[in-house]
Each structure stands twice: as structure tokens, then as C-alpha cells.
Amino acid sequence: MGKVDPAFIQEPEHRPRISHIEGEGFPLIDLSPLHSNNVSAIEGLVKEVGKACKEWGFFQVINHGVPLEKRQKIDSDSRKFFEQSLEKKRKVRRTEKLVLGYYDTEHTKNVRDWKEVFDIAVEEPALIPASPDLDDKEITELYNQWPEYPPELRETCQDYGQEMVKLACKLFELIALSLGLPADRFHSFFKDHNSLIRLNHYPPCPTPELALGVGRHKDGGALTILAQDDVGGLEVKRKDGEWVRVKPTPDAYIVNVGDIIQVWSNDKYESVEHRAMVNSEKERFSVPFFFNPAHYIMIKPLEELTNEQNPAKYRAYNWGKFTASRRRSNFQKLNVENLQISHFRISD
């Protein structure tokens, strides 16, 4: 990735500012009360999580229970994979049929991202609809593609994936309680979860004022848990419309509410736009985990959170069909915006 191809260049209004604002007040939540039986500390934690979801849609967590060595291992193996030649990486290249594996031409909002990625399903086979067509009942089984090097990547990702699922379930219990629901309210949606680990590599960019590692977007799934390195580059759009940088905190995870939580909570918690910056000197690595429900789950506002005064704001939609439609726009530049939850909003 040398001279910048015009495909990477953002429209002027979406180009990043090189001087950035640090996210003052960005929530940092200590999860250690989860490992105690202190009821009042857990109640305080629930309030913190609810406030962060409502005011930011993002927060960082520390004392989360994920062993540091598992995070260090996936970071190390990710670096080993990406430092290989393009020819070697492309042996496990993702295609429209093989949707897991290596990819370096992803588009966000129809502009190419300055990054390369490697996608891994946490559970194999991952079951997804064969097409976005609502009448097509065919289901496709997806299997991971594993590179020859590093040989331990498969085991590393499987171990890390299980840690992420455990953390995501804990976080969902806190989110449920913060909405006044039973702690296990969301568990059934994830029985056959369709979750994904992504290894991201953002090489140095000669013109970081024109391109983005990932363009502005909201996450379409339920919950994202991100491990970022000490280079940093994640920016979140605050409620006042200002883009703010999330300063890396050692051994913390960054958590954000996805579109599905926005729908389930009937807009009480909102999915927030974010993007990844690049710079001209340093490469950057990150590992997001996308916690997603089973493909057959219908996403709609929860009955307990709707009533006559607060009617459902969304029509139900099928999660698998939604992702099948979104997947197409990752492979080709389309003339229309890809499918969003706003397409299912019920007009007032």
C-alpha cells in the first residue's frame, strides 16, 4: 500500500482531522465486583453500564477476567500472519463464497478501507442464509480457512474466542439488568451464536489526512469487544457530533453497543458511529470480537420495553438475512447504501 489509490480517498466532509480531541470522560468501568458477592457494588456496576450505554454507546472495561496471556498470544500470532508476503496471505483469501479468511479490499460506505483483515468464525460450522432473498430457505455452512503460518493460529483463536464469549455473556447480563430485565433475558438469542473474531492490520499510510483505516460506521451486530494496541486510532462520534479519540488503556477492552441492542432496547441505548484512523509512521493492530445471535433470530424491540406510551419503533427483521444483504456491499461498490436498521424503523 504505497501511493494512495483514489479508491481510498474519503469525501472532503468525511476526511479525518490530523489534530484530534481526546475523549474526556470516556467511561472506564471496573468489572471486579462481578468476582465478588457484594450486592451493592454489583448494583453500582449495573448503573455505570447503563449510563455508559445511554450517554456514549461505548465504554472501556478493566479487571474483566480475560487472561492477559491469551490476549498477548492472539496479538503476537496476528502480527506473524500479517508480516508474511501478500502471496502467502492470499492463499487463504476470502471470496463471495468463502466469506471467512484474509481480505484487503473491504469497503465501508463505498470507500475502500486502508487495512487488511483476517476473519474467523468462533463456532464451526457457522450457519448463515445462502442469500438475502426472504423466500430462499437454504442455509450455508461456513468453515474457517487456516493459514500454514503461524501454525498455532487456530488454537489461539479458538481459546481467545471462548474467553470473548464468556465476557460478552457477563456484559449482556449487566446490560439486561440496566434495562430492568432479568440477567438472563438475552441468553436464548445466543444459543447458536454467529460470532466472529477479526484480526485487523492498518499499515502506515502516506496520506492519513485523506484515508481511513475503517470509514465511519455503526456495528450491525449485538455487541463488539475490541482489543487495540498502544498506537490507538479508534474515534467515536460523541452525542454532540464531535469525533473523539479513545486513548488506549493497558489491558482494557473497548465495548460498544451494536444496532441489535438499539432495536431490542427500542432506542433506549443507541449504536454509535465510529471509525479507525491511520498514521504515516506506525502500523496499528486491533482484534474486534463481534457477538452476534443465531441466524434464525428475529430482531425486534423487546415486549417488556414497549407499551402504549412507548410503542415499538422497529419492524421485526431476520438477523441472518440482514447480514447476507450487508455482506454483498463488502465485496463490491454498490450504488445504494447497504441495509441499515433505519430501513426497519416504523415512521411516527
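Residues numbered from 1 in each chain as written. Predicted model: local features only at pLDDT ≥ 70, side-chain atom pairs only at ≥ 80, totals over all residues. Heavy atoms only, no water.

1. Focus: the overall build of the protein chain
Put simply, the rule is: Per the convention used, a helix needs a DSSP run of H or I reaching at least four residues, while a strand needs a run of E reaching at least two, with both numbered from the N terminus. Computation of the radius of gyration draws on C-alpha atoms alone. For the globule rule, the value is 2.2 Å times the number of residues to the power 0.38. It only takes one pair of heavy atoms within 4.5 Å for two residues to be counted as in contact. Using a 1.4 Å probe, the Shrake-Rupley method yields the accessible areas, and only the shown protein chains count as cover for residues.
Helices and strands together make up the secondary structure of the protein chain, namely six helices and 19 strands. In terms of overall dimensions, the protein chain is globule-like: its C-alpha atoms have a radius of gyration of 20 Å, near the 20 Å expected for 348 residues. For the C-alpha atoms alone, the extent of the protein chain along its principal axes is close to 55 × 45 × 45 Å. Put simply, of all contacts in the protein chain between residues at least 6 apart along the chain, 78% involve residues at least 24 apart. In the structure as shown, the protein chain presents an accessible area of about 16,300 Å², 50% of it carried by carbon and sulfur atoms.

2. Examining the packing of helix H2 (residues 68–82) against helix H4 (residues 153–178)
What counts here: As a rule, the C-alpha atoms of each element are fitted with a line to give its axis, helices using only the stretch in contact, and angles between N-to-C directions run from 0 to 180 degrees. Orientation categories follow fixed angle ranges, with anything under 35 degrees roughly parallel, anything over 145 roughly antiparallel, 65 to 115 roughly perpendicular, and all other angles oblique. With the far helix as reference, a near helix turned anticlockwise by less than a right angle produces a left-handed crossing, and one turned clockwise produces a right-handed crossing. Only Asp, Glu, Lys and Arg are considered charged in this grouping, and only Ala, Val, Leu, Ile, Met, Phe, Trp, Tyr, Cys and Pro are considered nonpolar; every other residue, Gly among them, is considered polar.
Remark: H2 packs on H4, axes separated minimally by 10 Å, with the N-to-C direction vectors making an angle of 140°. One element, H2, and the other, H4, form an angle in the oblique class. For the pair H2 and H4, the crossing hand works out as left-handed. For the pair H2 and H4, contact is made by Lys70, Arg71, Lys73, Ile74 and Asp77 and by Leu153, Thr156, Cys157, Asp159, Tyr160 and Glu163, respectively. Looking at side-chain class alone, the contact of H2 with H4 contains four nonpolar, one polar and six charged residues.

3. A closer look at helix H1 (residues 39–55)
Residues lying three or four places apart along an α-helix face the same way, a consequence of the helix completing one turn every 3.6 residues. Here is the rule we go by: Multiply 1.5 Å by the residue count of a helix minus one, and that product is the helix's expected span. Relative accessible area decides the class of each residue, using a 1.4 Å probe on protein chains only: under 20% of the type maximum gives buried, over 50% gives exposed, and in between gives partly exposed. Arc, as used here, means the arc of the directions from the helix axis to the C-beta atoms.
Its 17 residues place the ends of H1 24 Å apart at the C-alpha level, agreeing with the 24 Å of an ideal helix rising 1.5 Å per residue. Of all the residues in H1, the buried ones are Leu45, Val46, Val49, Gly50, Ala52 and Cys53. All buried residues of H1 project into a common sector of 165° when viewed along the axis, lining one side. Turned more than 90 degrees away from the buried face of H1, the exposed residues are Ser40, Lys47 and Lys51. Where H1 is buried, its residues meet strand E2 (28–30), strand E3 (58–62), H4 and strand E15 (253–257). Phi turns positive one or two residues past the end of H1, at glycine 57, with a value near 75°.

4. Comments concerning H4
Taking 1.5 Å of rise per residue, the 26 residues of H4 would be expected to cover 38 Å, and the 37 Å separating its terminal C-alpha atoms lies within 8% of that figure. Once H4 ends, the next one or two residues include glycine 180, with phi positive near 80°.

5. Digging into the side chain of histidine 193
Put simply, the rule is: Any pair of N or O atoms that falls within 3.5 Å is considered a polar contact. Within protein, one atom must be able to donate a hydrogen and the other to accept it, and sequence-neighbouring residues count only if both atoms are side-chain atoms.
Structurally, histidine 193 is set in the loop between H4 and strand E10 (196–202). Take histidine 193: its relative accessible area is 12%, and that puts it in the buried class. Among the polar contacts listed, one links the side chain of histidine 193 to the side chain of serine 195, at a separation of 2.8 Å. When neighbours within four sequence positions are excluded, histidine 193 is seen to be in contact with Val122, Glu123, Val165, Phe291, Asn292, Pro293 and Ala294.

6. Observations regarding the sheet that holds strand E4 (residues 101–103)
Two orientations exist for strands paired in a sheet by backbone hydrogen bonds: parallel and antiparallel. Our working definition: Any two strands with at least two DSSP bridges between them are considered paired.
What the eight strands build is an open sheet, ordered E2-E3-E15-E12-E17-E10-E7-E4; its pairing is mixed. Strands at the two margins of the open sheet, each flanked by one partner only, are E2 and E4. In this sheet, neighbouring strand axes are inclined to one another by 25° on average, regardless of whether the strands run parallel or antiparallel. Summarising the sheet, E2 and E3 pair through three bridges and their orientation is parallel. The partner of aspartate 30 across the bridge, within E3, is isoleucine 62. Across the sheet, H2 touches E4, strand E7 (116–121), E10, strand E12 (223–228), E15 and strand E17 (284–291), and the angle it forms with E10 is around 55°.

7. Topic: the packing of H1 against H4
With their axes 8 Å apart at the nearest point, H1 and H4 run at an angle of 85° to one another. In terms of their interaxial angle, H1 and H4 are classed as roughly perpendicular. Facing Leu45, Val46, Val49, Gly50 and Cys53 of H1, the residues of H4 in contact are Leu174, Ile175, Leu177 and Ser178. The residue inventory of the contact of H1 with H4, partitioned by class, reads seven nonpolar, two polar and no charged.

8. Let's talk about the side chain of threonine 224
Positionally, threonine 224 belongs in strand E12. On the basis of relative accessible area, threonine 224 is assigned to the buried category, the value being 5%. At 2.7 Å, the side chain of threonine 224 and the side chain of aspartate 219 are in polar contact. Other than its neighbours up to four places away in sequence, threonine 224 contacts Asp219, Ile254, Val255, Asn256, Pro288, Phe289 and Phe290.

9. Examining the nonpolar core
Heads up, the rule is: What we call a nonpolar core is a set of buried Ala, Val, Leu, Ile, Met, Phe, Trp, Tyr and Cys residues that are connected through their side-chain atoms within 4.5 Å.
Judged by nonpolar contacts, the single largest core of 65 residues is most densely connected at Phe118, Phe186 and Trp264. In contact with phenylalanine 118, other than residues within four places in its own chain, are Phe81, Phe82, Val92, Gly101, Tyr102, Gln145, Trp146, Pro147, Leu153, Ile197, Arg198 and Leu199. Counting ten residues, the second-largest nonpolar core is a separate cluster that includes Phe26, Trp56, Leu234 and Val272.

10. Digging into the environment of histidine 343
Looking at the element boundaries, histidine 343 is found in the segment after helix H6 (319–331). Taking the relative accessible area as the measure of exposure, histidine 343 reaches 37% and is therefore partly exposed. Considered as a pair, histidine 343 and isoleucine 62 are 281 residues apart in the sequence and their alpha carbons are 36 Å apart. For histidine 343, the side chain forms a polar contact with the main-chain nitrogen of glutamine 340, separated by 2.9 Å.

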